[in-house]
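This is what each chain is made of:
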Amino acid sequence: MAQYEQTQELPAGDGPVLSAVPGIDRVIGRMRALRFARPPEGGAEDGVAVFHRVYLTVTETVRRQTARGAFPDRPAAAALDMRFAERYLSAVDAAAAGERTPDCWHPLFQYRHHPGVRPLQFALSGINAHIGHDLPLAVVDTCRTLGCAPPDLEEEFDRVGDLLLMLEERIREDLTPGPDLLELADPLTHLFGSWSLERAREAAWSTALVLWRLREVPLLAEEFRRRLDAGAGLVGRFLLTPCR
């Protein structure tokens, strides 16, 4: 296992004192520092900012659970969460530099200001990209960093997934339009039911196992990753189908 920095005690602001989780703390600090332009009055909200708020909430929740000892292998959980977040932040950097993002992220950045796309669609498209493409790659990255294999991270993977599932319901409640809007927008209701975080998480784990097996065949592994990226991008584009 890789060596990690010594932890220190940080005030949580509310509740008990939490011990620092250096890698996750750095990621959260950077995410909090990102600023997105406010839409003009009456304009469409930035879809990337919508996803960013959701993901920051998830990452802060994982950090609290990690600091309080919810994960049996805290360094492994922190490493996985950090590698996971770094892939999203790399996409943000690419977009800011005017470079093309990975295919899985391209729809969200391309349609981020589309007036016909609702906030929940932006959130689901980002979660699809992050779970469907970034998560299995983050598992492999973490295994290489720690000198372990995916089965050694399975419990941490499952616990993070359980937290995501708990947050998914709240996310849908916060971002779903009211009943009157849903009644007027049947396609939106269809889209809400067309994607499952639980199924995406299961597929991500299976994909990580395949990628790990392919690590000794780099050309085949890269081709598999490219196809994975393209597939996630296609699903993400469908999730952003304008509904108004």
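As a convention, each chain's residues are numbered from 1 in the sequence order in which they are written. Confidence filtering applies because this is a predicted model: local features only for residues at pLDDT of at least 70, side-chain atom pairs given and counted only at 80 or more, and all residues used for totals across whole chains, interfaces and linings. Each side-chain value is derived from all of the structure's non-hydrogen atoms; neither hydrogens nor water enter the calculation.

Colleague: Describe the overall build of the protein, with residues and values.
Modeller: Helix and strand content of the protein: ten helices and two strands. What you see in the protein, going N to C, is helices and strands ordered as β-β-α-α-α-α-α-α-α-α-α-α. Relative to its 244 residues, the protein shows a buried fraction of 48%. Summarising the internal contacts of the protein: among those between residues at least 6 apart in sequence, 77% fall at separations of at least 24. Helix and strand assignments come from DSSP, with helices taken as H or I runs of at least 4 residues and strands as E runs of at least 2, each series counted from the N terminus. Type-normalised accessible area, obtained with a 1.4 Å probe on protein chains alone, sets the label of each residue: buried when under 20%, exposed when over 50%, and partly exposed for intermediate values. Whether two residues touch is decided by their heavy atoms; if any such pair falls within 4.5 Å, the residues are in contact.

Colleague: Provide a residue-level description of the packing of aromatic side chains, including the pertinent values.
Modeller: Within a pair of aromatic rings, the relevant descriptors are the distance that separates the centres and the angle that separates the planes. For Phe, Tyr and Trp, where Trp contributes only its six-membered ring, two rings pair if their centres lie within 6.5 Å, and the inter-plane angle classes them as stacked under 30 degrees, edge-to-face over 60, or tilted in between. Under the defined criterion, the tally for this structure stands at eight aromatic pairs. Measuring from centroid to centroid gives 5.4 Å for Tyr88 and Trp105, while their planes differ by 45°, and the two rings are tilted. Taken together, the positions of Tyr88 in helix 3 (residues 74-96) and Trp105 in the loop between helix 3 and helix 4 (106-110) put the pair 17 residues apart, joining distant regions of the chain. For Tyr88, a relative accessible area of 0% corresponds to the buried category. With a centroid separation of 6.5 Å and an interplanar angle of 70°, the aromatic rings of Trp105 and Phe109 are classed as edge-to-face. Of the two residues examined, Trp105 and Phe109, each falls in the buried class. Sitting above the plane of the Trp212 ring, Arg215 keeps its charged end 4.0 Å from the centroid. By the criterion adopted, a ring carries a charge over it if an Arg CZ or a Lys NZ lies within 6 Å of its centre and within 35 degrees of its normal. Between the NZ or CZ atom of Arg237 and the centre of the ring of Tyr111, over which it lies, the distance is 4.3 Å.

Colleague: How would you sum up the packing of helix 5 (residues 119-146) against helix 9 (residues 197-213)? Please name residues and give values.
Modeller: Orientation of helix 5 relative to helix 9, taken along the N-to-C sense of each, is 35°, at an axis distance of 9 Å. Handedness of the helix 5/helix 9 crossing: right-handed. From helix 5, Ile127, Ile131, Leu135, Pro136, Leu137, Val139, Val140, Cys143 and Arg144 reach across to helix 9, where they touch Leu197, Ala200, Arg201, Ala204, Trp205, Thr207, Ala208, Leu211 and Trp212. Each residue gets one of three labels, nonpolar for Ala, Val, Leu, Ile, Met, Phe, Trp, Tyr, Cys and Pro, charged for Asp, Glu, Lys and Arg, and polar for the others, Gly among them. Looking at side-chain class alone, the contact of helix 5 with helix 9 contains 15 nonpolar, one polar and two charged residues. A fitted line through C-alpha atoms serves as each axis, taken over the contacting stretch for helices, and the angle formed by two N-to-C directions is quoted from 0 to 180°. Note on convention: near helix rotated counterclockwise from far helix by under a right angle means a left-handed crossing. Clockwise means right-handed.

Colleague: Any chance you could break down the side chain of Arg112 for me, citing the residues and the numbers?
Modeller: Checked against the element boundaries, Arg112 lands in the loop between helix 4 and helix 5. The class of Arg112 is buried, set by a relative accessible area of 18%. Leaving out residues up to four positions away in the same chain, Arg112 has contacts with Phe36, Glu45, Asp46, Gly47, Val48 and Phe122.

Colleague: Can you tell me about the nonpolar core, naming the residues and giving the values?
Modeller: Think of a nonpolar core as a cluster: buried Ala, Val, Leu, Ile, Met, Phe, Trp, Tyr and Cys residues, connected wherever their side-chain atoms sit within 4.5 Å. Within the largest apolar cluster, 68 residues are counted, with the highest numbers of intra-cluster contacts made by Tyr55, Tyr88, Trp105, Ile131 and Val139. When contributions to this core are tallied by element, the ones reaching two or more residues are helix 1 (22-33), helix 2 (47-67), helix 3, helix 4, helix 5, helix 6 (150-175), helix 9 and helix 10 (218-239). Ranked by residues supplied to this core, first place goes to helix 5 with 14 residues. Ile131 has contacts with Phe84, Pro136, Leu164, Leu197, Ala200, Arg201 and Ala204, leaving out every residue within four places of it along the chain.

Colleague: Go over the pattern of salt bridges with me, naming the residues and quoting the values.
Modeller: For this analysis, a salt bridge means a side-chain nitrogen from Lys or Arg found within 4 Å of a carboxyl oxygen belonging to Asp or Glu. One pass over the full model with this rule turns up 15 salt bridges. Note that Glu155 and Arg159 form a salt bridge whose closest N and O atoms lie 3.2 Å from each other. Taken together, the residues Glu155 and Arg159, both in helix 6 and four residues apart, mark about one turn of the helix. Judged by relative accessible area, which is 40%, Glu155 ranks as partly exposed.

Colleague: For the confidence of the model for the protein, give the residues involved together with the corresponding values.
Modeller: Each residue carries a pLDDT score, the predictor's confidence in it, ranging from 0 to 100. Residue-level pLDDT values for the protein average 84, and 82% of them are 70 or greater. When the elements of the protein are averaged for pLDDT, strand 1 (residues 9-10) gives the smallest value, 32, and helix 4 the largest, 97. Throughout residues 1-17 the model reports pLDDT below 50, and contacts reaching past four residues in sequence, or to other chains, amount to 26 contacts.

Colleague: Describe the side chain of Thr61, naming the residues involved and giving the relevant values.
Modeller: Tracing the chain through its elements places Thr61 in helix 2. Judged by its relative accessible area of 11%, Thr61 falls in the buried class. Here Thr61 is in contact with Leu163 and Leu167, once residues within four sequence places are set aside.

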